[in-house]
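Below are the chains, spelled out letter by letter.
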Amino acid sequence: MSFTEVKSLPFHVTASTRSSSLFTDLKPENLLYQTKNPDSDLVLADFGIAKMLDTKDEVLTTMAGAFGYAAPEVMLKKGHGKPVDMWSMGVITYTLLCGYSPFRSENLQDLIDECSSANVVFHERYWRDVSSDAKDFILHLLRPDPDDRWSSSVCFGDRGKQR
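Residue indices follow the written sequence of each chain, beginning from 1 at its first position. With the structure being a predicted model, the display of local features is reserved for residues of pLDDT at least 70 and the display and counting of side-chain atom pairs for 80 or more, all residues being used for whole-chain, interface and lining totals. Side-chain measures were taken over the full set of non-hydrogen atoms in the model, leaving aside hydrogen atoms and water.

## Some details on the nonpolar core
For step 1, the next point in the chain: Counting 32 residues, the largest nonpolar core has W87, Y94, F103, W127, I138, L141 and L142 as the members making the most contacts within it.
For step 2, the next point in the chain: Numbered from the N terminus, helices here are DSSP runs of H or I no shorter than four residues, and strands are runs of E no shorter than two. Those elements that provide at least two residues to this core are α3 (72–75), α4 (83–98), α5 (108–117), α7 (132–141) and α8 (152–155).
For step 3, the next point in the chain: A total of nine residues in this core trace back to one element, the largest contributor, which is α4.
For step 4, the next point in the chain: Contacts between residues were defined by any pair of non-hydrogen atoms, one from each residue, lying within 4.5 Å. Leaving out residues up to four positions away in the same chain, L141 has contacts with M86, W87, M89, G90, R149, W150 and C155. Grouping buried Ala, Val, Leu, Ile, Met, Phe, Trp, Tyr and Cys residues that are joined through side-chain atoms within 4.5 Å yields what is termed a nonpolar core. Burial status follows relative accessibility: with a 1.4 Å probe on protein chains alone, a residue under 20% of its type maximum counts as buried, one over 50% as exposed, and anything between as partly exposed.

## Regarding the pattern of salt bridges
For step 1, the next point in the chain: Salt bridge, as applied in this entry: a Lys or Arg side-chain nitrogen positioned within 4 Å of an Asp or Glu carboxyl oxygen. For the structure on display, the rule yields one salt bridge.
For step 2, the next point in the chain: Its salt-bridge partner being E73, residue R149 comes within 2.8 Å of it at the nearest N-O pair. Separated by 76 residues along the polypeptide, R149 in the loop between α7 and α8 and E73 in helix α3 bring together distant segments of the chain. Pair check on accessibility: R149 and E73 agree, each one buried.

## Some thoughts on the side chain of S101
For step 1, the next point in the chain: Positionally, S101 belongs in the loop between α4 and α5.
For step 2, the next point in the chain: As used in this structure description, the phrase polar contact means that two N or O atoms lie within 3.5 Å; if the pair is within protein, one of them must be able to donate a hydrogen and the other to accept it, and residues adjacent in sequence are counted only when both atoms belong to side chains. Among the polar contacts listed, one links the side chain of S101 to the backbone oxygen of F103, at a separation of 2.9 Å.
For step 3, the next point in the chain: Excluding residues that lie within four positions of it along the chain, S101 makes contacts with G68, V91, Y94 and T95.

## Some words on α4
For step 1, the next point in the chain: In this analysis, the expected span of each helix is defined as 1.5 Å times one less than the number of residues it contains. When the terminal C-alpha atoms of α4 are compared, their 23 Å separation across 16 residues agrees well with the 22 Å that a helix rising 1.5 Å per residue should span.
For step 2, the next point in the chain: By the criterion of burial, α4 is predominantly enclosed, with 15 of the 16 residues buried.
For step 3, the next point in the chain: Looking one or two places after α4, you find G99, whose phi comes out positive at around 100°.

Right, dumping it as structure tokens:
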């Protein structure tokens, strides 16, 4: 999967779910090619724990999704909304471009601490051929504060609009 395909994921999240819903379980296993064609579009699978929000500002407090892809606010049960899907996209992008997760702690508290600090490292051995645009994209999605995280509209190029 190329960075161009990965950058299109916010579109798929937005297009595949209504604007008032959260996918909440984004991970590589839930990204599928629509056909066997090398130029196939990506589609999302497994909407089993997707949630509909009644209002734009509504938040959920239940933990959902795979911990390795969950935003800090999900693991902390602080209440979360649409930005959690963008966090997951950052983890997926990082993982697909280098082959390993940016957060690798083995117990929940260490994982929460690691994600909350968002000390994302691009190891030269694996990242030397990855563009600075790809790294910038990841860093803007892996921000611990959901208000600082890029939204899907920002990922599409409207960088003047944060949320």
